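The primary structure of each chain is shown beneath.
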Amino acid sequence: MREVNVQDITDAVREMAIDVNLHLSEGLVDDLAKALEREESPLGREIIERIIDNARAARDKQLPACQDTGTAVVMAEIGQDVHLVGGDLTEAINEGVERGYKEGRLRMSIVGDPIRRVNTNTNAPAVVHTFIVPGEGVKISFMAKGSGCENMSRLKMLNPADGEEGILRFIEEAVIEADGRACPPMTLGVGLGGDLEQAALLAKRALFRAPLGAPNPAGHVADLERKILARVNATGVGPMGMGGRVTALAVHVEVAPVHISSLPLALNVDCHAHRHRSVEL
Amino acid sequence: MTPRTTKLTTPLKESDLKTLHTGDMILLSGEVYTARDAGHERMVRLIHEGRKPPFDPKGAVIYYVGPTPPHPGMPVGSCGPTTSSRMDAYLDVVLSTGIKATVGKGCRSPEAYDAMRKHGAVYLAAIGGAGALLSGHVTGAEVVAWEDLGTEALRRLTIKDFPVIVAYDLAGNDIFGEGRRKWARR
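What counts and how
- Residues numbered from 1 in each chain as written.
- Chains lettered and ligands numbered in written order.
- Predicted model: local features only at pLDDT ≥ 70, side-chain atom pairs only at ≥ 80, totals over all residues.
- Contact = placed C-beta atoms within 7 Å.
- Helix = DSSP H or I, 4+ residues; strand = E, 2+ residues; numbered from the N terminus.
- Nonpolar A, V, L, I, M, F, W, Y, C, P; charged D, E, K, R; others polar.
- Pairing = 2+ DSSP bridges.
- Axes fitted to C-alpha atoms, helices over the stretch in contact; angles between N-to-C directions.
- Parallel < 35°, antiparallel > 145°, perpendicular 65-115°, else oblique.
- Left-handed = near helix turned anticlockwise from the far one by under 90°.
- Core = buried A, V, L, I, M, F, W, Y, C linked by C-beta atoms within 7 Å.
- Buried ≥ 20, exposed ≤ 12 C-beta atoms within 10 Å, placed from the backbone.
- Domains from an automatic or database assignment.
- pLDDT = per-residue confidence, 0-100.

Observations concerning the interface of chain A and chain B
The interface is formed by 43 residues belonging to chain A together with 42 residues belonging to chain B. For the side of chain A that touches chain B, the element with the most residues is helix α3 (residues 42-61) of chain A, which contributes eleven residues. In the side of chain A that touches chain B, the residues fall into 19 nonpolar, 15 polar and nine charged.

This is the structure in structure tokens:
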């Protein structure tokens, strides 16, 4: 059985927290440059140009691209033939978050309780999801998830009779209501099927798909992704909600088997600062 | 083609506001006061108690922002706008003090637009997620009150040519609704 020290997980989380916030990926900046070519609204073009300038400014000044350095969302895929040693996995992840956010001069945005609302001043705890997978690998994925867009996310238990049109309409309405508040051009993660919490988790996992805009391997799901993207980009919401052709950069849909009477649909909205990375240990 | 660009300095005068049209780019200089969720809760509580905000509100500008910590020698870190609509519930009370503009991102509620018309105030949108770029337009920062709120403390930021877009003008034009309708494919 392979041993992995959780200290290595702490180090990986610390490094990714700083890196994703200071360095928007080259792929994302390329996608924004392509969006600039498609955008017809003069104000929309101006906004996308400044978003691209901002990515450069963040690298040059070693500042976070966005002041909302996010909730730390960590997906840990642990091989079932791995023995984690050296401490508690969740504590190790949270220590990585604390160190990364402090040493990277990132913003502390987490309150310890939703009712009392006192800041933890560490940005911990992270939202952690663990998955036991075959083999002896360990893959840690990190996302800095902004709340402006997270607040525009939603979930509905549709009826099977609502079908494709029901799915498209629900997402279109959510995007129009989100408007500039979600910082478009957005990336949309969609979870379809399973039950209430599985749909929500699928939507979040969909946001982690790389590269951005890669289609779902299942043809009928990829077809739905294209239809959603076209529908959303026809809303006119545009960059920062001020009108334009480019409202979303990509739509990723993940699906799961579902009860004969259910069609759960979760939409997880991400902003134009789509910040995530993963490492294999 | 770039939008019409004008320069403006705080505190804002009524004559300044009358010249603004939705969609204009403004390069704003002077001072703005930062407040977001927790700061608004405290500011509105003060006003309800018959006291004043801890700064001169006449013609003042509120910036909805919670910056990241600065590097040594810099006034602030990354400092882009947060979602304005979360502060809509407080806006009527805030504008009743003489504050003339708020800076944030995203569309607002009908009640917020009513409050702006009632008090003769405008709404300016900064580019969300452009915090590193906007940081370069902040030349000074000091905590005025509520230091215990950390990033949500009330700060006075000194700004120079800080770029914002007029999102709601005195004539009641709303850039979000109008922009979307103009560019929607039916």
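Now that the structure has been shown, the text picks up again.
Some remarks on the sheet that holds strand β4 (residues 127-133) of chain A
Residues and elements named next belong to chain A. Judged by pairing direction, the sheet is mixed, and its four strands sit side by side in the order β4-β2-β5-β10 without closing on themselves. Here the strands that pair on one side only, and so sit at the sheet edges, are β4 and β10 (275-280). This sheet shows a mean twist of 15 degrees between the axes of neighbouring strands, independent of strand direction. In this structure, strand β2 (residues 71-79) lies alongside strand β5 (residues 138-145), joined through eight bridges in antiparallel fashion. Following the sheet pairing, I78 is matched in β5 by V138. Helix-sheet contacts for helix α1 (residues 6-22) involve β2, β5 and β10, and the interaxial angle to β5 is about 35 degrees.

Structural notes on the packing of helix α6 (residues 163-178) of chain A against helix α8 (residues 219-233) of chain A
All names here are of chain A. At a closest axis distance of 10 Å, the pairing of α6 and α8 adopts a crossing angle of 40 degrees. As judged from the angle between their axes, α6 and α8 are oblique. Judged by the sense of rotation from one axis to the other, the crossing of α6 with α8 is right-handed. Taking contact as the criterion, the partners of E164, L168, I171, E172 and V175 in α6 are, on α8, L224, K227, I228, R231 and V232. Partitioning the contact of α6 with α8 into residue classes produces six nonpolar, no polar and four charged.

Here we look at the nonpolar core
Ranked by size, the top nonpolar core spans 130 residues in total, and within it V13, A17, L188 and V190 of chain A together with L124 of chain B carry the most contacts. Counting only domains with at least three residues in this core, you end up with domain 1 (2-20 + 65-145) and domain 2 (148-274) of chain A. Beyond its immediate chain neighbours, meaning those up to four positions away, V190 of chain A contacts I171, A203, A206, I228, V251, H252, V253 and L267 of chain A.

Quick notes on the confidence of the model for chain B
Close inspection of predicted coordinates is inappropriate in any region flagged by low pLDDT. Confidence along chain B averages 96 in pLDDT terms, with 99% of residues attaining 70 or more. Per the prediction output, this complex has pTM 0.96; the corresponding ipTM is 0.95.

Re the sheet that holds strand β8 (residues 248-258) of chain A
All names here are of chain A. Pairing is mixed in the open sheet, where four strands are placed in the order β6-β9-β7-β8. For this open sheet the edge positions go to β6 (154-158) and β8, each flanked by a neighbour on one side alone. This sheet shows a mean twist of 15 degrees between the axes of neighbouring strands, independent of strand direction.

Some details on the pairing of strand β2 (residues 25-34) of chain B
Residue and element names in this part refer to chain B. With five bridges joining them, strand β1 (residues 5-9) and β2 adopt parallel strand pairing. Bridging from a neighbouring strand, L8 pairs with L28 of β2. By the bridge criterion, two bridges tie β2 to strand β3 (residues 61-63) in an arrangement that is parallel. What sits directly across from T34, in β3, is Y63.

Thoughts on the domain arrangement of chain A
Many structure descriptions define interface size as the accessible area lost when the parts assemble. All names here are of chain A. The domain architecture assigned to chain A consists of domain 1 (2-20 + 65-145) and domain 2 (148-274). Between the C-alpha centres of domain 1 and domain 2 there is a distance of 25 Å. When residues of the side of domain 1 that touches domain 2 are traced back to their parent elements, those giving at least two are β2 and β5. With three residues, the top contributor of residues to the side of domain 1 that touches domain 2 is β5. Taken together, the residues that form the side of domain 1 that touches domain 2 break down as five nonpolar, two polar and two charged.

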